[in-house]
Amino acid sequence: MLKKIALITGVTGQDGAYLTELLLKKKYVVHGVKRRSSSINTHRIDKFYKEIQNKNSNFILHHGDMMDTPSIYNILSKIKPNEIYNLAAQSHVAVSFEQPEYTANADALGTLRILEAIRHLKLEKKTKFYQAGTSELFGGISKKPSNEKTPFYPRSPYGVAKMYAHWITVNYREAYGLYACNGILFNHESPLRGETFVTQKIVKGLTKIKLKKQKKLYIGNLYARRDWGHARDYVYAMWLMLQQKKPDDYVIATGKQYSIKDFINLVAKELRLKIFWKKNKNKKEFAVNENNQIIIETDKRYFRPSEVNHLLGDASKAKRKLNWSTKINIQKLVQEMVSEEISKN
Ligand code: NAP
Ligand code: GDD
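Residues numbered from 1 in each chain as written. Chains lettered and ligands numbered in written order. Predicted model: local features only at pLDDT ≥ 70, side-chain atom pairs only at ≥ 80, totals over all residues. Heavy atoms only, no water.

Strand order in the open sheet made by the seven strands is E3-E2-E1-E4-E5-E6-E11, with parallel pairing throughout. Only two strands of the sheet have a single neighbouring strand rather than two, namely strand E3 (59-63) and strand E11 (250-252). Strand-to-strand twist across the sheet, computed as the mean angle between neighbouring axes with direction ignored, equals 20°. Taken together, the five bridges between strand E1 (residues 5-9) and strand E2 (residues 29-34) define a ladder with parallel strand orientation. Its bridge partner being in E2, Thr9 is matched across the sheet by Val33. The sheet strands contacting helix H5 (residues 100-120) are E1, strand E4 (83-86) and strand E5 (128-134), and the helix crosses E5 at an angle near 170°. Strands in contact with helix H8 (residues 231-241) are E4, E5, strand E6 (179-185) and E11; relative to E6, the strand with the most contacts, it is inclined by about 155°. (Pairing = 2+ DSSP bridges. Helix = DSSP H or I, 4+ residues; strand = E, 2+ residues; numbered from the N terminus. Axes fitted to C-alpha atoms, helices over the stretch in contact; angles between N-to-C directions. Contact = heavy atoms within 4.5 Å.)

Structure below.
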């Protein structure tokens, strides 16, 4: 039987690595798009290198960029994939306030570039398309759990760019009959999470404090609340979306919500690091250790011009139609992230 061919943009990112692992296990031929960088950016997929060195490798990397139409077009015309997972993005919300135009170009127009390439290469009947959508689309919505019918209200240049990507995916499905799906994924983390996202920053910072390699952790808004799952569960949902009879859009979430402060407390507990929360005269919160030394402080630099205070998802459609559910709860996620971090120190 012919092997299915998948193309993953953003293959060097957190989700790219987990999805590569899943698809290789499922015997796909996996092509990944990586962008050129001055230092090596493949640490998350290095474990598949053995696979690359093998002559009959099922894992092939291509240089490309979401901002560069010819590279996208050429890769698609060469490999004619059965499935495309568009995971590439400037994915950091805070950075999108500093680089709004770049974010729009890579995240919004980048998606359009792939959809147009599918159309021009007449791959509409062959190629299924997954778009990495986000709970940031819901941004400023109320505290109730969001589902596929909840209206969007993005609160960052990143959220706005992803909103374009969402609707252009819907539009190409409706206008040209593409099998195109939006996964509206809530936050998902793992030991492979980028270091500047809050969960990994907390795990790395508190582990170093526990091991006396760092004195303090500076953090932003302690009271933002997120619905955090594990990336391994979430890439499985991406794959499921492309295995259905009809394309559709799905919310993927755990349905449970924790604050940043809760996450800090969970990590501290896992590390057996004693922390005591206090407030100064100006009601600014901080945490000390058993010797009354300040180990966590808030810092204006990490607050955003407009914040998304609450994110909570309702994934009942995915449960019903994809038979998907989250397997790894937040306690297990924290355990895995902490134990991986300890092993690196
Ligand atoms: P990530 O770790 O930041 O990975 C992003 C990937 O995109 C990296 O491979 C990065 O390459 C690549 N990339 C960035 N700009 C690019 C460009 N101009 N051209 C080509 N590639 C580019 O993100 P992630 O957590 O795996 O998330 C995957 C996707 O899901 C993203 O689209 C993100 O916006 C979306 N999403 C994530 C979450 C979440 O909680 N993780 C939730 C909802 C949606 P480098 O390695 O070279 O930087
Ligand atoms: N990054 C960061 N650093 N965030 C902090 C910090 C800090 O020092 N202190 C507090 N926060 C708060 C942020 O203000 C935000 O409310 C929350 O922690 C989560 O921030 P991130 O971990 O950066 O993730 P995000 O929710 O903004 O975005 C992630 O999830 C989206 C899905 O909802 C990214 O992965 C996006 O790509 C993804 O779409």
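Turning our eyes to something else, we now look at the site of ligand 2. Close to ligand 2 lie 24 residues, the nearest being Thr134, Ser135, Tyr158, Arg304 and Glu307. In the model, an oxygen atom of ligand 2 is placed 2.7 Å from a nitrogen or oxygen of the Asn187 side chain. One of the backbone nitrogen or oxygen atoms of Gly220 is found 2.8 Å away from a nitrogen atom of ligand 2. Protein contact buries 95% of the 720 Å² of open area that ligand 2 shows by itself. Counted by class, the shell around ligand 2 contains 10 nonpolar, eight polar and six charged residues. (Near = heavy atom within 4 Å. Polar contact = N/O pair within 3.5 Å; in protein donor to acceptor, adjacent residues only side chain to side chain. Areas by Shrake-Rupley, 256 points an atom, 1.4 Å probe, with all protein chains shown as cover. Nonpolar A, V, L, I, M, F, W, Y, C, P; charged D, E, K, R; others polar.)

Around ligand 1 sit 26 residues in total, of which Thr12, Arg35, Ser91, Tyr158 and Lys162 are the nearest. Within the contact set of ligand 1, an oxygen atom lies 2.8 Å away from a side-chain nitrogen or oxygen of Lys162. His188 is positioned such that a nitrogen or oxygen atom in its backbone is 2.9 Å from an oxygen atom of ligand 1. Contact with the protein chains hides 90% of the accessible area of ligand 1, taken as 900 Å² for the molecule alone. Counting residues per element, the ones that place at least two in the shell around ligand 1 are helix H1 (14-25), H5, E5 and helix H6 (157-176). With three residues, E5 is the single largest residue contributor to the shell around ligand 1.

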